[in-house]
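# Reading the structure
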Amino acid sequence: MSNNHFSIAIHGGAGTILRSSMTAELQAQYEQGLRSALDTGYAILQAGGSSLDAVEAAVASLEDFPLFNAGCGAVFNNKGGHEMDAAIMYGKTLEAGGVCGISHVRNPVKLARAVMQHSGHVLLAGQGAEEFARLQHLPMEDDAYFYTEQRYKQWQEALKEDVVQLDHTDKKYGTVGAVALDKAGNLAAATSTGGLTNKKYGRVGDSPIPGAGTYANNNTCAISCTGVGELFIRSVVSYDISCLIEYKGLSLKDACQLVVHDKLVKIGGEGGLIAIDKYGNIEMPFNSEGMYRACRDSRGRNEVLIYKTSTP
Ligand code: ASP
């Protein structure tokens, strides 16, 4: 079925991202972080690599970039620690792996892939997940690695006001994700996040849950979400879009439009997602002010975007 067309899209979170609160220097840094992750994934696809390798490498690159809320830039929880969630899914086999509430794994997306391929399970949590990471010889880090001054200040402010915040006080959800179609026609999706600033009680968001924040199915599409996790779980966002394509025959664009700009909005679900269908079409819809996003395909599309464009 494949015509050798390939494509990749990534995100670094959605939210109230306004030009007025951005400096040129900071914007350049964000764009550079997105560009580098995008090109890392694209190079793998171009060389004939799998979509699974491409999304894992792109997300790992975003996890290593401190401005995004994942990996080394993960936000602080209520106890002053970090609890990260991640998932990966392969559209060819519907295999999926996820981790939640982990604190010391350098690249949670790599652990999610190890869970998928080597654990015999789909979702591992907390200490057990970290024990499995050690058995898999994945790089571990101490608490200091996950400290960034910007996140610490956010947490202090959230603590003072006793609120649970979505990444920034300006409501930016800095979760990262990637979706890809490879030359063989296989789709994959991956998502990684630090969750919400000041979160309590072992809260887990949509990112590590297949069908909510992350989904891939060769019959339909691959999706990675960012936004208020609770609403994305309740809306089963990524599976809903896949179902609209599979059972109702909607195009990727129409399915995304219905879920992001209608169904989610009606229940107050702010955020967005990146999606690629089995033909390689790319959609990057969001109902918030902005979304860090980028995409590139073998037909020449190549974009790094932050704000709303005139044609949403
Ligand atoms: N969806 C993530 C969560 O609820 C947050 C985000 O997108 O930044 O954990």
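Residues numbered from 1 in each chain as written. Predicted model: local features only at pLDDT ≥ 70, side-chain atom pairs only at ≥ 80, totals over all residues. Heavy atoms only, no water.

Grouped together as the largest cluster of nonpolar side chains are 51 residues, with contacts concentrated most on Ile8, Ile10, Phe68, Ile88, Leu111 and Tyr292. Here the element with the most residues in this core is helix α2 (residues 51–63); it accounts for seven residues. (Core = buried A, V, L, I, M, F, W, Y, C linked by side-chain atoms within 4.5 Å. Buried < 20%, exposed > 50% of the residue type's maximum accessible area, 1.4 Å probe, protein only. Helix = DSSP H or I, 4+ residues; strand = E, 2+ residues; numbered from the N terminus.)

This next bit is on the packing of helix α7 (residues 237–248) against helix α8 (residues 252–266). Put simply, α7 and α8 touch, their axes get as near as 9 Å, and they point 135° apart. In this view, α7 runs oblique relative to α8, as classed from their interaxial angle. For the pair α7 and α8, the crossing hand works out as right-handed. Between α7, through Val237, Asp240, Ile241, Leu244 and Ile245, and α8, the contact on the second element is made entirely by Leu252, Ala255, Cys256, Leu258, Val259, Lys263 and Leu264. When grouped by side-chain class, the residues that make up the contact of α7 with α8 number 10 nonpolar, no polar and two charged. (Axes fitted to C-alpha atoms, helices over the stretch in contact; angles between N-to-C directions. Parallel < 35°, antiparallel > 145°, perpendicular 65-115°, else oblique. Left-handed = near helix turned anticlockwise from the far one by under 90°. Contact = heavy atoms within 4.5 Å. Nonpolar A, V, L, I, M, F, W, Y, C, P; charged D, E, K, R; others polar.)

This next bit is on the site of the ligand. Looking at the ligand, there are 11 residues lining it, with Thr175, Arg203, Asp206, Thr226 and Gly227 nearest. Contact between the ligand and Thr175: an oxygen atom at 2.6 Å from a side-chain N or O atom of the residue. In the environment of the ligand, an oxygen atom lies 2.7 Å from a nitrogen or oxygen atom belonging to the side chain of Arg203. A total of 270 Å² of accessible area belongs to the ligand in isolation, and the protein chains cover 100% of it. Its residues placed into classes, the shell around the ligand shows one nonpolar, eight polar and two charged. (Near = heavy atom within 4 Å. Polar contact = N/O pair within 3.5 Å; in protein donor to acceptor, adjacent residues only side chain to side chain. Areas by Shrake-Rupley, 256 points an atom, 1.4 Å probe, with all protein chains shown as cover.)

Let us look at the sheet that holds strand β10 (residues 271–277). The strand order across the open sheet formed by four strands is β8-β9-β10-β11, and the pairing between neighbours is antiparallel. Each edge of the sheet is formed by a strand with only one pairing partner; in this case those strands are β8 (214–216) and β11 (282–283). Where β8 lies against strand β9 (residues 221–227), three bridges are found, and the strand directions are antiparallel. Within β9, the residue paired with Ala216 across the bridge is Ala222. Across the sheet, α8 is in contact with β9, β10 and β11; its angle to β10 comes to roughly 165°. (Pairing = 2+ DSSP bridges.)

As a further point, take the pattern of salt bridges. Here the idea is simple: oppositely charged side chains can pair when their charged atoms come close. Overall, the coordinates contain 11 salt bridges when judged by the stated rule. For the salt bridge of Arg113 with Glu56, the shortest nitrogen-to-oxygen distance reads 2.7 Å. Taken together, the residues Arg113 in helix α3 (residues 108–119) and Glu56 in helix α2 connect sequence positions 57 residues apart. The same class applies to Arg113 as to Glu56, namely buried. (Salt bridge = Lys/Arg side-chain N within 4 Å of Asp/Glu carboxyl O.)

Take the packing of aromatic side chains next. Inspection of every chain in the model, using the stated rule, returns 12 aromatic pairs. Judged by centre distance (5.3 Å) and plane angle (40°), the ring pair of Phe65 and Phe68 falls under tilted. With respect to burial, Phe65 and Phe68 carry one shared label: buried. Here the aromatic rings of Tyr215 and Tyr239 are separated by 5.3 Å at their centres, their planes lie at 80°, and the arrangement is edge-to-face. One end of the pair, Tyr215, is in strand β8; the other, Tyr239, is in helix α7, with 24 residues separating them in the sequence. With a relative accessible area of 34%, Tyr239 lands in the partly exposed category. An aromatic cluster is defined as three or more aromatic residues linked by ring pairs; in this entry it consists of Tyr30, Phe65, Phe68 and Tyr292. Cation over ring: Arg296 sits above Tyr42, and NZ or CZ is 3.9 Å from the ring centre. (Phe/Tyr/Trp six-rings, centres within 6.5 Å; stacked < 30°, edge-to-face > 60°. Lys NZ or Arg CZ within 6 Å of the ring centre and 35° of its normal.)

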